[in-house]
Amino acid sequence: MLKQNKTMARKLNEEELQDLYAWIDRIPLSRPKRHISRDFSDGVMAAEVVKHFFPKLVELHNYIPANSTQQKLSNWSVLNRKVFSKLSFSVPEETVKRIVLNTAGVIEPILSALRQKIDKKLEYTPDSTLGLDYYDIRDPGDPHTEIQPTTVKHLVQPTGEMRKNDKSGLKNGKMEQTVQFYTEMDPAVRLILQEKEHAVIALQETVEILQMKVSRLEHLVHLKDMRIEELRQHLQIYKAKGSTN
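Residues numbered from 1 in each chain as written. Predicted model: local features only at pLDDT ≥ 70, side-chain atom pairs only at ≥ 80, totals over all residues. Heavy atoms only, no water.

Notes on the environment of Leu29
- Residue placement: Leu29 occurs in the loop between α2 (14-25) and α3 (36-39).
- Sequence-wise, Leu29 and Ala46 are 17 residues apart; in three dimensions their C-alpha atoms are separated by 9.4 Å.
- If sequence neighbours within four positions are ignored, Leu29 has contacts with Ile24, Phe40, Met45, Glu48 and Val49. (Helix = DSSP H or I, 4+ residues; strand = E, 2+ residues; numbered from the N terminus. Contact = heavy atoms within 4.5 Å.)

Section: the packing of helix α4 (residues 44-53) against helix α5 (residues 69-83)
- For the pair α4 and α5, interaxial distance at closest approach is 9 Å and the crossing angle is 25°. With respect to their mutual orientation, α4 and α5 come out roughly parallel. From α4, Val44, Ala46, Ala47 and Val50 reach across to α5, where they touch Asn75, Trp76, Leu79 and Val83.
- In terms of residue class, the contact of α4 with α5 is made up of 7 nonpolar, 1 polar and no charged. (Axes fitted to C-alpha atoms, helices over the stretch in contact; angles between N-to-C directions. Parallel < 35°, antiparallel > 145°, perpendicular 65-115°, else oblique. Nonpolar A, V, L, I, M, F, W, Y, C, P; charged D, E, K, R; others polar.)

Concerning the nonpolar core
- The biggest cluster of nonpolar side chains holds 41 residues, and the ones touching the most others in it are Phe40, Val50, Trp76, Phe84 and Ile118.
- Among the secondary structure elements, those contributing two or more residues to this core are α2, α4, α5, α6 (93-100), α7 (107-124) and α9 (187-244).
- In this view, Phe84 contacts Val50, Trp76, Leu79, Phe89, Ser90, Val91 and Leu114; residues no more than four positions away in its chain are not counted. (Core = buried A, V, L, I, M, F, W, Y, C linked by side-chain atoms within 4.5 Å. Buried < 20%, exposed > 50% of the residue type's maximum accessible area, 1.4 Å probe, protein only.)

Digging into the environment of Ser30
- Within the secondary structure, Ser30 sits in the loop between α2 and α3.
- Once the C-alpha coordinates of Ser30 and Val44 are considered, the two residues, 14 residues apart in sequence, prove to be 9.0 Å apart.
- At a separation of 2.6 Å, a polar atom in the side chain of Ser30 contacts the side chain of Glu48. (Polar contact = N/O pair within 3.5 Å; in protein donor to acceptor, adjacent residues only side chain to side chain.)

Some words on the confidence of the model for the protein chain
- The predicted model of the protein chain has a mean per-residue pLDDT of 76, with 71% of residues at 70 or higher.
- Taken as a whole, residues 127-171 scores under 50 in pLDDT and shows 78 contacts with residues more than four places along the chain or in a different chain. (pLDDT = per-residue confidence, 0-100.)

Concerning the packing of α2 against α7
- It is the contact of α2 with α7, at a shortest axis distance of 11 Å, that shows an interaxial angle of 65°. By crossing handedness, the relation of α2 to α7 is classed as left-handed. Contacts from Leu17, Asp19, Leu20, Tyr21, Trp23 and Ile24 of α2 reach α7 at Glu108, Leu111, Ser112, Arg115 and Ile118.
- Residue classes in the contact of α2 with α7 are distributed as 7 nonpolar, 1 polar and 3 charged. (Left-handed = near helix turned anticlockwise from the far one by under 90°.)

Here we look at the pattern of salt bridges
- Under the definition given, this model contains 7 salt bridges.
- Asp42 is the partner of Arg31 in a salt bridge, and the nearest nitrogen-oxygen pair spans 3.2 Å. Taken together, the positions of Arg31 in the loop between α2 and α3 and Asp42 in the loop between α3 and α4 put the pair 11 residues apart, joining distant regions of the chain.
- Look at Arg31 and you get partly exposed, because its relative accessible area is 31%.
- Two residues, Arg232 and Glu229, come together in a salt bridge whose shortest N-O distance is 2.4 Å. Here Arg232 and its partner Glu229 are both found in helix α9, 3 residues apart, which amounts to about one turn of the helix.
- Residues participating in the shared-partner salt-bridge network are Glu93, Glu94 and Lys97. (Salt bridge = Lys/Arg side-chain N within 4 Å of Asp/Glu carboxyl O.)

Observations regarding α6
- Residues of α6 that are buried: Thr95, Val96, Ile99 and Val100. Within α6, the buried residues cover an arc of 140° as seen down the axis, which keeps them to one side.
- Turning to α6, the residues buried within the fold contact α3, α5 and α7.
- A positive phi of about 60° marks Asn102, the residue just after α6. (Arc of directions from axis to C-beta.)

This is how it looks when you write it as structure tokens:
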């Protein structure tokens, strides 16, 4: 813990800062990065960073975007208790207070240390990158069953309302037109069309899941490459020392 605190207190050099900013830019966040000390002061984007790599660890509804100091402190407290603890990571209370006050140069070492914890967990528990049942559209009682796109779990009802989790992107007005269109056609044809629509939605969600898996696997490969390069450099140094002796 003492070593971790020293890491978080260490000022990053320019190269490390640019590398950190580039890493953050690769993560889809709810707000663009403009002023990093202010952007991360309420803890919400820090939660989003962890959720990007470990979706099951973070429930974003626990973190409320805020300007008030009290709510910011509450967000960071929840982060420390519910999320960072699972990464063997913790931000000291005094440091949290400085982050909440938008103190320049404080959040960068924290994010750098958090990145190291994330990379370490990804490297030693690669299954975490593949355990995306959280996003899966298969039967939650048996996440390993085959996807059946033509299985209609919720038929469109003539109410003009959509399911909350429906990712079709249709607005209520358009859905109402679709429902009216359905009511004027043969029931058998209507059922087939509804099945096809749900199949499309299922396939789109499957593509999103696979894209997330590919992204995380690419990140793992990058980590392995960095580790190989580090070991190669150590080997060269060792050989150089051996030759001088």
